[in-house]
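Understanding the architecture of this molecule
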Amino acid sequence: MSNLLARTGRDRQRYDNNFRCIPYRVVKDEDDSSVDFENKLQVLMVSSPNRHDLVFPKGGWEDDETVLEAASREAMEEAGVKGILREEPLGVWEFRSKSSSAEPDCCLGGCKGYMFALEVTEELATWPEHENRERRWLNVKEALELCRYEWMQCALEEFLRVMAEDGRGKEETLAASSLSNREERQIGSSVLLCS
């Protein structure tokens, strides 16, 4: 049994936004460096209570926490993962909420949801909602096929775009750093030769 508890109740709930995380990990395969970036990424989805479809962890924002704390908390409560949350949201999507009648700021069933990327660093054996949810690691292609809503597919595609840009940025930074180090060594050695 988990000694962590999920927050319950609506007394501290803000109804202006809710948050979802796309928990992810990069699978490293030393044997095959030809595998493209998209296939190295895995995302974590969880089952909805009393349903068999999979979703990304989500929840509301309470008045005693920041946006980032809310997103991280929901990932831990629903999926049992902790990690490094990308502070810049992937975007904002509007969607219909099945509980929209209870949420005053969800006009005609439309709600705003912010999506964040969470690099998983710890996967808990038990978590507050482990009895009601199953979690499943999927490659991006599988996750796209299982997304129930079009807006979730769009968010996942944006996640993939941002991760690919980050990957290219890291590679460019490493290449530039390596080139800079080589240039410094060459400059240093030429100085030595000239003196």
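Residues numbered from 1 in each chain as written. Predicted model: local features only at pLDDT ≥ 70, side-chain atom pairs only at ≥ 80, totals over all residues. Heavy atoms only, no water.

An unreviewed UniProt entry annotates the protein chain as BnaA02g28170D protein of Brassica napus. Among the UniProt annotations of the protein chain, the heading Subcellular location (unreviewed entry) holds the following wording: "Mitochondrion". The record held by UniProt for the protein chain lists under Sequence similarities (unreviewed entry) the comment "Belongs to the Nudix hydrolase family." (UniProt positions renumbered as here; feature names shortened; annotations may be inferred.)

1. Considering the side chain of Gln 42
Tracing the chain through its elements places Gln 42 in strand S2 (residues 41-47). Of the polar contacts made by the side chain of Gln 42, one reaches the side chain of Arg 25; its length is 2.6 Å. Contacts of Gln 42, omitting those with residues within four sequence positions, involve Pro 23, Tyr 24, Arg 25, Val 27, Trp 137, Leu 138 and Asn 139. (Helix = DSSP H or I, 4+ residues; strand = E, 2+ residues; numbered from the N terminus. Polar contact = N/O pair within 3.5 Å; in protein donor to acceptor, adjacent residues only side chain to side chain. Contact = heavy atoms within 4.5 Å.)

2. So, the confidence of the model for the protein chain
Caution is warranted with low-pLDDT regions, since their predicted coordinates should not be read in detail. Taken residue by residue, the protein chain gives an average pLDDT of 75. The fraction at 70 or more is 65%. In this model, residues 100-108 is a region of pLDDT below 50 whose contacts with residues beyond four sequence positions or in other chains number 12 contacts. Under a pLDDT of 50 for its full length, residues 173-195 has, in the predicted model, 0 contacts with residues more than four places off or in other chains. (pLDDT = per-residue confidence, 0-100.)

3. Considering the nonpolar core
Counting 41 residues, the largest nonpolar core has Phe 56, Leu 156 and Phe 159 as the members making the most contacts within it. The dominant element in this core, judged by the number of residues it contributes, is helix H4 (residues 150-194), at 8 residues. If sequence neighbours within four positions are ignored, Phe 159 has contacts with Ile 22, Tyr 24, Leu 41, Val 43, Leu 90 and Ala 117. (Core = buried A, V, L, I, M, F, W, Y, C linked by side-chain atoms within 4.5 Å. Buried < 20%, exposed > 50% of the residue type's maximum accessible area, 1.4 Å probe, protein only.)

4. Examining the packing of aromatic side chains
One pass over the full model with this rule turns up 1 aromatic pair. In this structure, Arg 25 is placed above the aromatic ring of Trp 137, and the distance from its NZ or CZ to the ring centre is 3.9 Å. (Phe/Tyr/Trp six-rings, centres within 6.5 Å; stacked < 30°, edge-to-face > 60°. Lys NZ or Arg CZ within 6 Å of the ring centre and 35° of its normal.)

5. Section: the pattern of salt bridges
Within this structure, the stated rule accounts for 12 salt bridges. For Arg 25, the salt bridge is made with Glu 123, and the minimal N-O distance between the two is 3.9 Å. Here Arg 25 is found in strand S1 (residues 13-26), whereas its partner Glu 123 is found in strand S7 (residues 110-123), with 98 residues between them in sequence. Residues Glu 123 and Arg 135 are paired through a salt bridge, measuring 3.4 Å at the closest nitrogen-oxygen approach. Here the residue Glu 123 occupies a position in strand S7, and Arg 135 occupies one in strand S8 (residues 135-139), the gap between them amounting to 12 residues. Overall, Glu 123 belongs to the partly exposed group, its relative accessible area being 38%. Because the salt bridges share partners, they merge into one network encompassing Glu 65, Arg 73, Glu 74 and Glu 77. (Salt bridge = Lys/Arg side-chain N within 4 Å of Asp/Glu carboxyl O.)

6. Concerning the state of the cysteines
Taken as a whole and judged by the stated rule, the model has 0 disulfides. In this structure Cys 147 is a free cysteine whose sulfur lies 9.5 Å from that of Cys 154, the closest cysteine sulfur available. On the basis of relative accessible area, Cys 154 is assigned to the partly exposed category, the value being 31%. (Disulfide = S-S within 2.5 Å.)

7. Some points on the side chain of Arg 73
Note on placement: Arg 73 falls in helix H2 (residues 67-79). When its relative accessible area of 11% is taken as the criterion, Arg 73 is described as buried. At 2.8 Å, the side chain of Arg 73 forms a polar contact with the side chain of Glu 74.

8. Topic: H2
If you check H2, its first and last C-alpha atoms are 18 Å apart, about what 13 residues at 1.5 Å a residue would give, namely 18 Å. For H2, the set of buried residues is Ala 70, Ala 71, Arg 73, Glu 74, Ala 75, Met 76, Glu 77, Glu 78 and Ala 79. Just downstream of H2, Gly 80 is the residue with a positive phi angle, here 70 degrees. (Expected span 1.5 Å × (residues − 1).)

9. Considerations on the environment of Met 115
Secondary-structure assignment places Met 115 in strand S7. Linking Met 115 and Phe 19, residues 96 residues apart in sequence, is a C-alpha distance of 5.9 Å. Apart from the residues lying within four places of it in its own chain, the contact partners of Met 115 are Arg 20, Cys 21, Ile 22, Phe 56, Pro 89, Leu 90, Gly 91, Trp 93, Trp 151 and Ala 155.

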